[in-house]
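# Secondary and tertiary structure notes
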Amino acid sequence: VATTQPRAQTDGFHLVIDALKLNGIETIYGLPGIPITDLTRMLQAEGMRMISFRHEQHAGNAAAAAGFLTAKPGICLTVSAPGFLNGLTALANATVNCFPMILISGSSEREIVDLAQGDYEEMDQLNVAKPFCKAAFRILHAQDIGVGIARAIRTALSGRPGGVYLDLPAKLFPQTMDAEAGRNSLIKVVDPAPKQLPAPESVQRALDLIKGAKRPLILLGKGAAYARADAEIRAFVEKSGIPYLPMSMAKGLLPDTHVQSAGAARSYVLAEADVVVLVGARLNWLLSHGKGKTWGAEKGAKQFVQIDISPTEMDSNVPIAAPLVGDIGSCVSALLAGMGKDFPKPPSGWTGGIAERRDKNLTKMAGTLAADPSPMNFHSALSAIRDKFKERPDMILVNEGANTLDFGRSIIDMYEPRKRLDCGTWGIMGIGMGFAVAAAVETGKPVIAVEGDSAFGFSGMEVETICRYNLPVCIVVFNNNGVYKGTDRNLGGGADPAPTVFVKGAKYELMMEAFGGKGVVANTRQELAKALDEAVASGRPTLINAIIDETAGTESGRITSLNPAKASKT
Ligand code: ADP
């Protein structure tokens, strides 16, 4: 008599884990709770890394930064309704920044949600998520988990990268199915971000335009950093001899000290250039939409070559004379190949004029940085950080704030690609600790998070997360007692502080001490430099409370003009 063994079974929990692992995903950023608590335990049991946060927004920001740093979708895992909404902010930010990320949220029972019968954490999450990401998917059956995860991964990575929402109702997880059938239902995504070659005539059009330019300029954006075409981009810049400007997260693609960097002559080159080659940079508000005074409007229209994987980016703000649609590696390689041996160098009047202005500005900046005021100002504190990066160019810099960001961007030189993470396309705050955690987890390198005191407040509780996982993160809080500065007064004369002012003399370093990390106060540039040295050498979580002159800082940093001006003079 033949005895039949019961066949092995698997379930929704394990199929989710197996599908992620099959696609090379090793780390999940999230926050446990109903209905995904057991999933977080099981994925740890199955050898994945689970980094648990204190608030979903920071887990989401970590996933987004992981996506940028690894070119694999960063995964954020949240509970339903409020947890999902907290994560959604980060998903939207990832999408706006073109970072690949998947927000996976547990959700309540469809039958109850769809009849609005009032379930625990009831919300139609799938439809809420749609406007904030590239695509949103829901998986109802265990046998569809493989397809659902494959679609999420391919959508996040292909074309213009971005955020994807994946809805997993609570009932999915305990569903069982035959283990072998389950294994067979999983999909390993092949070539999730395929190369996209530009058409030869587009390449020729671009080369002709560049060749005819008298004052050409290359503008590198964070898409260029994401594309990992570092060698091709460097060869293109150097072979063409064209001066280049990096956007903030493209800094370090070529070292900021490169002779062709026009970073210290930014306003001059933007106003004067006649042909601009955009490489993975959008002509959005960060580039004054490609027009107006910044771009020397009075000097006549510019012509643009734009390299981008997204065809609809072309002409979004100004006409693009030579669109080059494709992945940056392929497009830049095609340009290089078409340049031949004797591609003309830009006129020396142009490059010489830039060098002159750059050297003048650098000398002036060196003078400002040499000053050692007491208390510190933004420049003197940032110069200590600048020196540390010169010594350790492999470290990762996270930078957010208003003045702390604006000055940090120009003062701290970067030397290697993808070492700078900041406020990005929205110019937002709140990314600090999430980005810092991911940078440390994904790279193992020391991370220096240079934070305005206001910016730090958005994610400060994640100091506990940093201590819990013992990450090599050193947070430097630029403490000037308030948003922008600490000297504003209550215009109504009441006892409440002004809306932009914090507790004076706040002891941020104690927040780190509370969880077992090291807290330090730095009153001088020397103390800051010493504390940084020690933090990096120890690899321990550290928070340096850097005391900055409370009168230093301007309203909204360099974007003061975006504040609506009041109409009346009263
Ligand atoms: P920045 O803020 O640094 O100026 P943006 O985020 O505005 O940069 O622009 C990045 C651009 O890069 C986006 O338009 C995006 O479509 C594009 N991009 C991202 N990855 C690639 C890639 N691999 N190849 C081509 N373009 C890319």
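That block above? That's the structure.
All of these numbers come straight from a predicted model, not from anything done at the bench.

A few words now on the pattern of salt bridges. Tallying each qualifying case throughout the model produces 25 salt bridges. Between arginine 138 and aspartate 124 there is a salt bridge, and its shortest N-O distance comes to 3.7 Å. You can see arginine 138 sitting in strand 6 (residues 135-138) and its partner aspartate 124 sitting in the loop between helix 5 (110-114) and helix 6 (125-129), a full 14 residues away along the chain. Arginine 138 sits in the partly exposed class, given a relative accessible area of 25%. One salt bridge connects glutamate 416 with lysine 419, and the closest N-O pair in it is separated by 3.8 Å. Through salt bridges with shared partners, a single ionic network connects Arg110, Asp114, Asp124, Arg138 and Asp167.

As a further point, take the pairing of strand 11 (residues 275-279). Along strand 11, five of the five residues are buried, which leaves the element largely enclosed by surrounding structure. Neither face of strand 11 is left uncovered, since the one carrying Val275, Val277 and Val279 and the one carrying Val276 and Leu278 both have all their residues buried. Alignment of strand 9 (residues 216-220) against strand 11, held across five bridges, turns out to be parallel. Looking across to strand 11, one finds that leucine 217 is bridged to valine 276. Bridging between strand 11 and strand 12 (residues 303-308) involves five bridges; their strand directions are parallel.

With that settled, consider the site of the ligand. Taken together, 20 residues form the shell around the ligand, and within it Arg160, Lys222, Arg282, Asp308 and Ile328 come nearest. Between glycine 280 and the ligand, the recorded distance is 3.3 Å, taken from a backbone N or O atom to an oxygen atom. The contact in question runs from an oxygen atom of the ligand to an N or O atom on the side chain of arginine 282, over 2.8 Å. Burial of the ligand by the protein amounts to 96% of the accessible area it has alone, namely 590 Å². The dominant element in the shell around the ligand, judged by the number of residues it contributes, is helix 10 (residues 222-226), at three residues. Class assignment of the residues belonging to the shell around the ligand gives a composition of nine nonpolar, six polar and five charged.

This part is about unusual backbone geometry. Omega for the peptide link from isoleucine 34 to proline 35 comes to 5°, which places this bond in the cis form. Mapped onto the elements of the fold, proline 35 is located in the loop between strand 2 (27-30) and helix 2 (37-45). Omega for the bond connecting serine 374 with proline 375 falls within 30 degrees of zero, at -5°, which places this linkage in the cis form. Within the secondary structure layout, proline 375 lies in the loop between helix 14 (348-370) and helix 15 (378-391). Even without being a glycine, aspartate 191 presents a positive backbone phi close to 50°. Mapped onto the elements, aspartate 191 comes out in the loop between helix 8 (179-185) and helix 9 (200-211). Residue aspartate 191 is classed as partly exposed on the basis of its relative accessible area of 46%.

Definitions and cut-offs
Residues numbered from 1 in each chain as written. Predicted model: local features only at pLDDT ≥ 70, side-chain atom pairs only at ≥ 80, totals over all residues. Heavy atoms only, no water. Salt bridge = Lys/Arg side-chain N within 4 Å of Asp/Glu carboxyl O. Helix = DSSP H or I, 4+ residues; strand = E, 2+ residues; numbered from the N terminus. Buried < 20%, exposed > 50% of the residue type's maximum accessible area, 1.4 Å probe, protein only. Pairing = 2+ DSSP bridges. Near = heavy atom within 4 Å. Polar contact = N/O pair within 3.5 Å; in protein donor to acceptor, adjacent residues only side chain to side chain. Areas by Shrake-Rupley, 256 points an atom, 1.4 Å probe, with all protein chains shown as cover. Nonpolar A, V, L, I, M, F, W, Y, C, P; charged D, E, K, R; others polar.

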